[in-house]
Amino acid sequence: MLAEYLPIVVLIVLATGLAFIVVALGHLFGPRKPNPVKAEPYESGMRPYGPGRRRVSVHFYLIAVLFILFDIEIVFILPWAVVLREIKMVGLIEMAVFIGVLLAGLIYAWKTGALEWE
Amino acid sequence: MDWQDFLSVLPFIIVAGWATILLLVDLWIPANRKGITAGLAVLGLIAAIAAVISRFGIEREAFDGMIIVDGFSSFLQLLFLGVGVIAIAQAYDYLRRRDIERGEYYILLLYSLSGMLLMASAGDLIVVFLAVELLSIPLYVLAAFAIPKADSEESALKYFLLGAFASGFLVYGIALVFGSTGTTALSGMVAAIESAETTPILLLVGSGMILVGLGFKVAAVPFHMWTPDVYQGAPTSVTSFMAVGAKAGGFAALLRIFISALPGAAVMWMPLTMWIAALTMAWGNIAAISQTNIKRMLAYSSIAHAGYIFMALPAAATPEVAPEAVRAALFYLVTYAITNLGAWGVVLAMEKAEGSGLEIEDYSGLGKKRPALALAMALFMLSLTGIPPTVGFMGKFYLFQVVIDANLIWLALVGVVTSLISAYYYLRVIVVMYMRDGEPEVRSEALLNSTIFITAFGTFFFGILPGFLLKMINQVSLLDLFR
Amino acid sequence: MTIDLVLFFGLALIAVVAAIAMIASRNAVYSALFLVFNFLTVATLYLLLNAAFIAVVQVTVYAGAIMVLFLFVIMLLGTERESIGGRIRWQMPLSIVLGLALAGELAYVLLRNDIVQGPLADLTVEFGSPASIGRVLFNEYLVPFEVTSILLLVAMIGAIVITRKQREEGK
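What counts and what doesn't
Residues numbered from 1 in each chain as written. Chains lettered and ligands numbered in written order. Predicted model: local features only at pLDDT ≥ 70, side-chain atom pairs only at ≥ 80, totals over all residues. Helix = DSSP H or I, 4+ residues; strand = E, 2+ residues; numbered from the N terminus. Buried ≥ 20, exposed ≤ 12 C-beta atoms within 10 Å, placed from the backbone. Contact = placed C-beta atoms within 7 Å. Nonpolar A, V, L, I, M, F, W, Y, C, P; charged D, E, K, R; others polar. pLDDT = per-residue confidence, 0-100. Core = buried A, V, L, I, M, F, W, Y, C linked by C-beta atoms within 7 Å. Axes fitted to C-alpha atoms, helices over the stretch in contact; angles between N-to-C directions. Left-handed = near helix turned anticlockwise from the far one by under 90°. Parallel < 35°, antiparallel > 145°, perpendicular 65-115°, else oblique.

Q: Quick one: what's the story with the overall build of chain C, residue by residue and with numbers?
A: In terms of regular secondary structure, chain C is built from six helices and zero strands. Along chain C, helices and strands appear, N-terminal first, in the series α-α-α-α-α-α. Among the 171 residues that make up chain C, the fraction classed as buried is 23%. Sequence-distant contacts in chain C: of pairs separated by 6 or more residues, those separated by 24 or more amount to 56%.

Q: Can you break down the environment of B:Leu204 residue by residue, with the values?
A: Structurally, B:Leu204 can be placed in helix α9 (residues 200-218). The sequence separation of B:Leu204 and B:Val267 amounts to 63 residues, and the corresponding C-alpha distance is 9.8 Å.

Q: Hey, could you go over the interface of chain C and chain B for me, with residue numbers and the actual values?
A: Each partner contributes to the interface: chain C provides 21 residues, whereas chain B provides 28 residues. When the residues that make up the side of chain C that touches chain B are grouped by side-chain class, the tally is 15 nonpolar, four polar and two charged.

Q: If you had to explain the confidence of the model for chain C to someone new, which residues and values would you point to?
A: All names here are of chain C. Scored by pLDDT, chain C has a mean of 83; 84% of the residues are at 70 or more. Mean pLDDT in chain C bottoms out at helix α3 (residues 52-77), which sits at 86, and peaks at helix α1 (residues 3-24), which reaches 91. Reported confidences for the modelled complex are a pTM of 0.92 and an ipTM of 0.93.

Q: An account of the nonpolar core is needed here, citing residue identities and associated values.
A: Residue and element names in this part refer to chain B. Ranked by internal contacts, the top residues of the largest apolar core, which has 246 residues, are Val 15, Met 119, Leu 134, Ala 312, Ala 329, Leu 333 and Met 377. Tallying contributions element by element places helix α15 (residues 322-350) first for this core, with 21 residues. Once you skip the residues sitting within four places of it in the chain, Ala 329 turns out to touch Phe 251, Leu 255, Ile 309 and Ala 312.

Q: Break down the interface of chain C and chain A for me, with residues and values.
A: The interface of chain C with chain A comprises 40 residues on the first partner and 44 residues on the second. Of all elements in the fold, only α3, α5 (130-137) and α6 (142-170) of chain C reach the threshold of two or more residues within the side of chain C that touches chain A. With 16 residues, α6(C) is the largest single contributor of residues to the side of chain C that touches chain A. Of the residues belonging to the side of chain C that touches chain A, the class tally is 27 nonpolar, nine polar and four charged.

Q: Explain unusual backbone geometry to me, using residue names and the numbers behind them.
A: The omega torsion across B:Ile147 and B:Pro148 is 10°, close enough to zero to call that bond cis. Tracing the sequence through the fold places B:Pro148 in the loop between α6 (125-143) and α7 (150-181). Residues other than glycine seldom take positive phi values, yet A:Lys88 does so here, at roughly 50°. With respect to the secondary-structure elements, A:Lys88 resides in helix α3 (residues 58-111). Classification of A:Lys88 by C-beta neighbours within 10 Å gives exposed; the count is 10. Phi is positive for C:Asn50, close to 65°, though the residue is something other than glycine. Counting through the fold element by element, C:Asn50 comes out in the loop between α2 (28-48) and α3. The exposure class of C:Asn50 is partly exposed, given the 17 C-beta atoms found within 10 Å.

Q: Residues and numbers for the packing of helix α8 (residues 186-194) of chain B against helix α11 (residues 236-261) of chain B, please.
A: All names here are of chain B. Running from N to C, α8 and α11 point in directions that differ by 30°, and their axes come no closer than 9 Å. The element α8 and its partner α11 pack so that their crossing is right-handed. Residue-level contacts link Leu 186, Met 189 and Val 190 of α8 to Ile 257, Ser 260 and Ala 261 of α11. Partitioning the contact of α8 with α11 into residue classes produces five nonpolar, one polar and no charged.

Q: Describe the packing of helix α18 (residues 391-405) of chain B against helix α19 (residues 409-435) of chain B, and please don't skip the residues or the numbers.
A: Residues and elements named next belong to chain B. Remark: α18 packs on α19, axes separated minimally by 8 Å, with the N-to-C direction vectors making an angle of 155°. Compared by their axis directions, α18 and α19 come out roughly antiparallel. For the pair α18 and α19, the sense of crossing is left-handed. Contacts between α18 and α19 involve Lys 396, Phe 400, Val 403 and Ile 404 on the former and, on the latter, Ile 409, Leu 411, Ala 412, Gly 415, Val 416 and Ser 419. Partitioning the contact of α18 with α19 into residue classes produces seven nonpolar, two polar and one charged.

The following block contains the structure:
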């Protein structure tokens, strides 16, 4: 049973390993000439001083919520995709209605400018 | 699954689908013409009313028992749709006056209504849960509609947090009941309890948690703490809809779950509901006495009325009385809806653009300045107290009778005594309107006035001639799930 | 010891360590990341129980969506490094009492296996698979499924309506 998941384990190991290797390679072969200016957090001439807490635009929150809603959609699409061959046309219509309703939401979000970033 | 099944949920499909279409149509309606959205929303509701009427008297289960169509669901759906029409009419001018008019208001209201419609015909605890959420989430947003006004924000936040908390109780209770009976279908639960193939402790804790979750929704003591603040802070037109619609929706679920699906467990929930009813009546009425703000007073009044309707549950624990108890509760819901929509309508007429004019003192001199409005308000206050010749009297009379039939004399006594207490603060409004001098500033908006007129007429008409309503309710029964 | 048992103990150890690290770390962002790690190990535990669908939901919804929201809120409020001093005083004793109560409950259920009186469900390996859930979801549970889409839509409208004023002012 669990052997079915072996490819996923291999993938995870490869992905993690690759990340480590890339970082390690940079350390090994990259030129390193540190100086005080380079060590500063930003190099645009602005000293990053100021209060640690800043008000962040509520837009971040909105994007996060929209992301969650569409993410939950995936949870429903997954079992649908697995059984689509069995439930055929009826299943297709059911999912079309489901996505259609959420599509209305997307159009609404789009038209009201919720996705724009000023 | 066949076409009959789709006809069974047609009212829900119409309202939810129409709301989704309106959501898109509204994008192209200019900001100063949002009356079009309101009108279209009402059209959708009328279509849904026609759909409900066309299948009146039909009893069936649809979608493998997920949906139940019976007299109970059809009657409540008519009530909800009627409330929806009045709520839209009340909101239109108010939103313009307070400068918060947006098309989304009517759309969210339709979605909330669709949740109530679904609730009325839910045949499965999962559908009940989804219906609760569908009726609540738009209400959270509507309560926040006057953002960035601080009181509206406060109202929405409190309503949302406590509502989410209550939903947690509800869904956990559903899980435990499922654990005990092995099903979420209401009909299956009856069978499981009959055959004693249940785990009693899980059933007890589970149904208790469902009671808590829905108790929050209908604002029953001790789950009422949010009510005054939320009702006061929300835009008044939202409060009006919330006080009537959300409460009726909650009771739809309570009656359906406890009376038709869990009669076998009545020994467990009967004492609980009895105490909740008694405490709610007592505390709601006592706390209302000291209120000076009309919105807060009506909020406590709505808590008290939840207590009266709650009495139907312990009464229904006696099997012979159960059908009559359901009818009495439905009748009371109608009286509550008509009277409260009217009273909130008067509050809407008295509220000034910046949100003041909500103290009971502000009603001084209304009797001289606007006799018709004052008369309507007096009628609503009498009806809320339960004094003839108003519909409120008929509602209380019917309900108390059922409670006495179930041999709960002391509970009926609590009801009568608390009604007497309530006379103090309801009649005070009448005294202030007629006996005090003052120069109230009152709106006169055609739509709002007509809703006040209709509800006042209903309060009076059904008060002296309740026959029509009673005849309709006598045909109502919960679809017998024992078959 | 079977391979399943070895896997279980290994994963359980990681899950517990991640959970402790989440509580112990002072930086809220680190806590959130440890929580993600915990969610992922728990997801693999679900796989061990043949509950593939729940494992997928655990990864997409919890480790994905919910954690994104957590991180957003931490950043929005700017509470990455909250000082420990501001704790509620009775938090510690209360958590100990509640923890003991939970442990007692679990012990009770484990030791007294007669608490379940109804018939125990006879489940096949297929029970928790996405396919069997899909079969039920798109037949018996069609109504709840479609209602869910409306619920998601309403949540979307709500989020947009509530933030609209602030977004307009922010322009």
